[in-house]
Structures are given as structure tokens and as C-alpha cells.
Amino acid sequence: MTFGASVVQENKKQKRDRNIKFLITGVVFLNDDCIIKDTKISKRALWDANCVLERGFYTGSLSFYGSLLIFLNNICHKIMNEQLKNDSANVRHLLDIVKEQGIEYLNSIEERSTSVVNHTLEKHTLPDSGYGTEETLRIFNQKFEPVMVASSGPRYWGFVTGGATPASVAGDWLTTIYDQNTQTMKGQGDISGVIEVEAIRLLQELLQLPESFLGGFVTGATMSNFTCLAVARQWLGKALGKDIAREGISEKIKVLGATPHSSSIKSLSLLGLGSNNIIQIKIQEGNSEAICIEDLEENILKLNGAPFILISSGGTVNTVDFDDFKAISRLKEKYNFWWHIDAAFGGFAACSTTHRHLVENWELADSITVDCHKWMNVPYESAVFLIKEQYKILQIETFQNSNAPYLGDPLDNFNYLNFLPENSRRLKALPAWFSLMAYGKKGYQEIVDDNISWAEKFGDLIENSNDFKLLAPVRLNTVCFTLKDDTRQNEVDLFLEKVNDTGKVFMTPTFYNNHKGIRAAFVNWMTGEKDVHTVFEIMNEVFTSLK
Ligand SMILES: *Cc1c(COP(=O)(O)O)cnc(C)c1O
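Note that the coordinates shown come from a computational prediction; the quantities given were computed from them, not determined experimentally.

Every second residue of strand β10 (residues 508-512) is oriented toward a common face, the buried set being Thr 508, Thr 510 and Tyr 512 and the non-buried set Pro 509 and Phe 511. Bridge count for β10 against strand β11 (residues 515-521) is five bridges, and the pairing is antiparallel. Within β11, the residue paired with Thr 508 across the bridge is Arg 519. Connecting β10 to the antiparallel partner β11 that follows it, the hairpin turn spans two residues, and Asn 513 within it adopts a positive phi of roughly 55°.

Given below as C-alpha cells:
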């Protein structure tokens, strides 16, 4: 025997002994009855097992080791099955207590804190045999529940954080209960894709978009931008005579944009297009984040007819500025480019009676990103990509599982996994479908118009105050403001921290136009006028305390 081999053998043996010890430690927790009644293990085996336990290693025969492992394995499974059996016999009770807790949470969400202040979390290790659901809920309630912020409540104005309508919560529960792997619309395995296609159609109706788009659900606007830009990449490759999905990228791809969301930049990085390669177009004059159309055209001319991708904004996050879609659609008649619109939340301006003009002509884009977990008030993770159906082949080329013959011909059998990044996926469409059906066009029009009016109201209070000022006009549903006195710029962070510390409101910091600022985004169906006044009062109190 070579030295090397003996070392391997030693290690194997040590490992085996460790395994036995570990398994036997588990057995000790069982009562003797269970061992003796339910198994055929011999006295000799138990004696050996004790030896292992006492001495820390095993000296008996290998075949015994095998049967001991099988025996202990069975015991372990038996333990797991006990908990599972117990839980499954008590599903009604378990779901009842979770339901009660959920109702209590939702009914008191207005009083619940919007920010986490101090917390230390006890560390748990993976239990050997598990606690069962009820005890696990108790542990959750003791450990994590207190640090859950009311992010779907009426005064969580940070980032762009949507709530969850009651119908969407119901749909989300059922998504979990039915637990479909949503792929196809016909066949035997699952046809929940029918629900997804219908939800997309309802959403298109809500947003007044034509059915010329093929849509699907992904986890968020980031993945939607990624999906759209992936097809754009394939389109651009084709224009250059290449199949980028197969061949990879061999040259710089021209991507133009003025104020793309960070998630589009991230997508460029993921797609191998390079987050640094974006050709920066100027922003139009004045207090704006919208693309300067003249500069865009000048840059297009510089490309000498080379195809390119344009990433445009249907609502920037800082000041909710919209690119001029009418002007872009005119350029699209003259030049050869893929037009992508990131309308993650701004797209819902389409539901508004007063602000629909902001998205006029957006249906002429090649692809659009819309988030459902923001202004549509559907729980995370929910967003939609809309890509013109005419590019279906490019989309398949990009996403198909080409080496899995059991999936069939992607053109013959529509299957979502050939059209988007994920393969297995939950039925994300169901919460959206529920909410669209439950509240319809009028419901969403009201949510959107209300939120716009709260933003305008909040903007008015700020505009007319002695201590605060707007950093940009309120164009839709977001208010971007700062302390009025520019010499106090260094106090903006502290001010916001103190406001958030009250737990009554949550807003996020930003930087705009050379100013430290604060953003409040109104996208929650629960927000009302009194919330606007409550927050403004808090702001005044905190500001006074700073003086
Ligand atoms: C929020 C947002 C995103 C990213 O969306 P996720 O849902 O967080 O992935 C992209 N674009 C815009 C304009 C957004 O507001």
C-alpha cells in the first residue's frame, strides 16, 4: 500500500466514524421503545453503536457499518415524517393561525413602524429533526416578526415601494397553494400559462397597449430590462449579420441613453454589453432628466447608419421625468434602432385621467418594462416585459433551451421557458390577475390619480414652507425635496434619519442637481390625505428640533 493511499483510507475511516457518531447522537434523542419496536437492529449492533458513541470510533465490520447507516437513516426519516405527518394532519389549524396573524398585521399596518431602529438577532442552527410549523412560527414571531417594517403600509414612501391589494394577497396565497410551474398553455403537464397570458392581456388593456406585444412575468423591472435588452442584443446582432446568442459578442454594441435606471446598466453588464459602453446623451435644458432629442439625433448621425439600442425612460426615479416618446417615435421612422422603454412605475400614468399624455406613443417602442410590485400594488416579485411579438424568433433564439429535446419545438409548443431567463417559475401572474379582475380599470385609475394628488399636495406643502424646497417639479407621483437653506446641506442626512427614526414614515435620500435631497414616492393604494399631513407635521417637528 502506498503512503498516499493509506492517507486516503485514514481520512475515509475518520469521516465514517464522524458520520456514525453524528447519526447516533441523533438516535439518542429517540426513546428506546421506538428503536426496539420499529427496527430489526440487533443487540450486537446497538452495542457497537454504543462503542462508537463512547470511544468516538468504530472498530467492527464494514457490513455492519452499512446496515447501521441504513437503520439510522430510516430513523432520521421517521423523525422528519413525524413532523410532516403532524403538520399535514393539522393544515387547517396551521393555516388558520397564519391567517389570523396576517389579518392582525394588515389591520394594524398603519400603526406599525416603518423603520427598523435597534435590533440584534439570535442565531439559530439547523435543527436536526425540525420543530414543526407551529413551533417554527413561534420562533419566527419571537425573532423576526418584530423587525418587519410596514413596507406595504401607507407611509412607506422610500424607493418606489408598492403595497399589496387584498385581491393580490389572495392571489398570492393561491399561487403558493397551487404551486404550479408555469410554462405552457396546452398539453398535459400544466396549462397555467393560460392564466399568465390572460393577465398580460388584462394589463395591456389597463395600460391601453395593443396586443402586438408578447408579454411575460419576471421577478422585477431589473429582470424585465434584462429580458428586453437581451432580445435587443439579438436584434442588433442580426442587423450586423451575427447570431450573438450562439456566437457571443465580438464587437462593441452601441447603446444610447440619457438617464437609464441603474438596473439597465446592470443588465448591460450581465449581457456582456458592458456597463461602461453606454453612449451618454445629454439631458434636455432646464430642470430635467429627460433625453435631449437634438443631442440624440446628433449622436445617431455620428453612428453612420450603424444599428443601435436606445434605452429611454418612462419615469426616472429621482424626478419622474419622461423622455419625449413622440419625438423618439419620429426618429424611429428615420433611423434603425431598437427602442426600449423602462416604464417600471411611470407606465401606470396610462391609467390616469390627467397624466396619460406622458406615455403617448409608447406603444411604438420595441420593448417595455413594467413593474407590478410597484404602482400596481401586487406583492413582490412581480414585473412584466412586453416585447413586440414580431421579434418572437429573436426571443426564442436568446432564451430557448436548445439542448433539451423533451421540451419540444419552441415554435410549435409555446412554453415560457423559451422566452425568458428562468426555467422553473411560480405562477406570478395570479396575484396580478386577481387584482386586475377585482378592481378593474376604475380601481387602478383611482389608485393612480389619488397617489398623484397626494404627491401634488405634499409638493404644495413643501413649496409653501419656510424650511423646505422642491428640487424638481412634481411631475407625477414623486416628490424630490431638500432643506430650503442651502447652507444647511450637511444636515439633510441627519434630518432624514431623524424623520425615519420616528417609525411613522420612511423616505430615501438622493442626490440631484448638486443637492442632497429626499425622495417620497406615492404608489401605495392605502395612502390618504391625512398621511400627507401627518408626515409634514413630523418633518416640521424634526426640523425645529435641529435648530
Ligand atoms: C424600480 C425600478 C427598476 C428596478 O426594478 P426592480 O423591480 O427593483 O427590479 C427599474 N427601473 C425603474 C424606472 C424603476 O423604478
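Once you've had a look at it, read on.
Contacts to the ligand come from 14 residues, most closely from Thr 222, Asp 342, Asp 371, His 373 and Lys 374. The contact in question runs from an oxygen atom of the ligand to an N or O atom on the side chain of His 373, over 2.7 Å. Interatomic distance of 2.8 Å between a side-chain N/O atom of Lys 374 and an oxygen atom of the ligand. For the ligand, the protein covers 84% of the area, taking 380 Å² as the surface of the free molecule. The element best represented in the shell around the ligand is helix α9 (residues 221-239), accounting for three residues.

This part is about the pattern of salt bridges. Under the definition given, this model contains 20 salt bridges. With its nearest N and O atoms 2.7 Å apart, the salt bridge here joins Glu 135 to Arg 138. Here the residue Glu 135 and the residue Arg 138 both occupy positions in helix α6 (residues 133-143), the gap between them amounting to three residues, near one helical turn. One salt bridge connects Glu 196 with Arg 425, and the closest N-O pair in it is separated by 2.7 Å. Remark: Arg 425 occurs in the loop between α14 (392-399) and α15 (429-463) and Glu 196 occurs in helix α8 (residues 193-206); sequence separation between them is 229 residues. Each of the two residues, Glu 196 as well as Arg 425, counts as buried.

Now for helix α7 (residues 166-178). If you check α7, its first and last C-alpha atoms are 18 Å apart, about what 13 residues at 1.5 Å a residue would give, namely 18 Å. Next to the buried residues of α7 lie α15. Remark: Asp 179 follows α7 within two positions and exhibits a positive phi of approximately 45°.

Right, let's talk about the packing of α8 against α15 for a bit. Two elements in contact, α8 and α15, have axes whose closest approach is 9 Å; the angle formed by their N-to-C orientations is 25°. If you check the angle between α8 and α15, you find them roughly parallel. Viewed along their axes, α8 and α15 form a crossing whose handedness is left-handed. Every residue of α15 that contacts α8 at Ile 195, Glu 196, Glu 198, Ala 199, Leu 202, Leu 203 and Leu 206 is listed here: Ala 429, Leu 430, Trp 433, Leu 436, Met 437, Gly 440, Lys 441 and Tyr 444. The class makeup of the residues in the contact of α8 with α15 is 11 nonpolar, one polar and three charged.

This paragraph deals with the sheet that holds β10. Spatial ordering of the open sheet is given by β8-β9-β11-β10, a layout of four strands whose pairing is antiparallel. Since the sheet does not close on itself, it has two edges, and those belong to β8 (468-470) and β10, each with one partner. Ignoring which end each strand starts from, the neighbouring axes of this sheet average 40° apart. This element, helix α17 (residues 529-546), spans β8 and β9 (478-483) of the sheet and lies at about 130° to β8.

Before going further, it helps to spend a moment on the sheet that holds strand β7 (residues 383-388). Here we have seven strands laid out as an open sheet, ordered β1-β7-β6-β5-β4-β2-β3, and mixed in their pairing. The open sheet terminates on both sides in strands that have one partner only, identified here as β1 (213-218) and β3 (278-280). Strand after strand, the sheet turns through a mean of 20° between neighbouring axes, direction not considered. The pairing of strand β2 (residues 255-257) with strand β4 (residues 308-313) spans three bridges and is parallel. Looking at β4, one finds that Gly 257 is bridged to Ile 311.

So, on to the nonpolar core. With 91 residues, the main nonpolar core has Leu 296, Phe 348, Trp 362 and Ile 368 as its most contacted residues. In terms of residue count, α9 provides more of this core than any other element does, nine residues in total. Setting aside residues no more than four positions away along its own chain, Leu 296 makes contact with Leu 256, Ile 281, Ile 291, Leu 310, Ile 328 and Leu 331. The next biggest cluster of nonpolar side chains, apart from the first, holds 28 residues, and it includes Phe 481, Met 507, Val 535 and Leu 546.

All right, on to unusual backbone geometry then. With an omega of -5°, the peptide bond running from Tyr 380 to Glu 381 counts as cis. Here Glu 381 lies in the loop between β6 (367-371) and β7. In this structure, Asn 514 takes a positive phi of about 65° despite not being glycine. Relative to the helices and strands, Asn 514 is located in the loop between β10 and β11. Take Asn 514: its relative accessible area is 67%, and that puts it in the exposed class.

Now for the environment of Ala 429. Mapping Ala 429 onto the fold places it in helix α15. Ala 429 gets classed as buried once you look at its relative accessible area, which sits at 0%. Residues Ala 429 and Val 197 lie 232 residues apart in sequence; the distance between their C-alpha atoms is 8.4 Å. Apart from the residues within four sequence positions on either side, Ala 429 is in contact with Ile 195, Glu 196, Ala 199 and Phe 217.

Okay, the packing of helix α16 (residues 492-501) against α17 next. Contact geometry for α16 and α17: axes closest at 10 Å, N-to-C directions at 130°. Considering their axes alone, α16 and α17 lie oblique with respect to each other. The two elements α16 and α17 cross, and the hand of that crossing is right-handed. Contacts from Leu 494, Phe 495, Lys 498 and Val 499 in α16 reach Ile 538, Met 539, Val 542, Phe 543, Ser 545 and Leu 546 in α17. Taken together, the residues that form the contact of α16 with α17 break down as eight nonpolar, one polar and one charged.

The rules behind each value
- Within every chain, residues take consecutive numbers counted from 1 along the sequence as written.
- Totals for whole chains, interfaces and linings use every residue, but because this is a predicted model, local features are given only for residues with pLDDT of at least 70 and side-chain atom pairs only at 80 or more, for both listing and counting.
- Only hydrogens and water are set aside; all other atoms, that is, all heavy atoms of the structure, feed into the side-chain values.
- Only protein chains enter the accessibility calculation, which uses a 1.4 Å probe. A residue is then buried if its area is under 20% of the maximum for its type, exposed if over 50%, and partly exposed in between.
- Here a strand is any run of E in DSSP of at least two residues, a helix any run of H or I of at least four, and the numbering for each starts at the N terminus.
- Paired strands, as defined in this entry, are two strands with at least two bridges between them according to DSSP.
- We call a residue near a molecule or strand whenever a single non-hydrogen atom of that residue lies within 4 Å of it.
- By the criterion applied in these results, polar contacts are pairs of N or O atoms within 3.5 Å in which, for protein atoms, one can donate a hydrogen and the other can accept it, and in which residues neighboring in sequence qualify only through two side-chain atoms.
- What sets the accessible areas is the Shrake-Rupley method with a 1.4 Å probe; for residues, cover comes only from the shown protein chains.
- Here a salt bridge means any side-chain nitrogen of Lys or Arg lying within 4 Å of a carboxyl oxygen belonging to Asp or Glu.
- A helix's residues, less one, multiplied by 1.5 Å, set its expected span.
- Whether two residues are in contact is decided by their heavy atoms: any pair within 4.5 Å suffices.
- Every angle, taken between N-to-C directions, lies between 0 and 180 degrees, and every axis is a line fitted to C-alpha atoms, over only the stretch in contact when it is a helix.
- Here the angle decides the label: under 35 degrees means roughly parallel, over 145 means roughly antiparallel, 65 to 115 means roughly perpendicular, and every other value means oblique.
- Crossings are sorted by hand: turned counterclockwise from the far helix by less than a right angle, the near helix makes the crossing left-handed, and turned clockwise it makes it right-handed.
- Lys, Arg, Asp and Glu make up the charged group, whereas Ala, Val, Leu, Ile, Met, Phe, Trp, Tyr, Cys and Pro make up the nonpolar group; the residues left over, Gly among them, are polar.
- For this analysis, a nonpolar core means a set of buried residues of the types Ala, Val, Leu, Ile, Met, Phe, Trp, Tyr and Cys, connected via side-chain atoms within 4.5 Å.

All quantities given are derived from atomic positions and should not be read as evidence of function.
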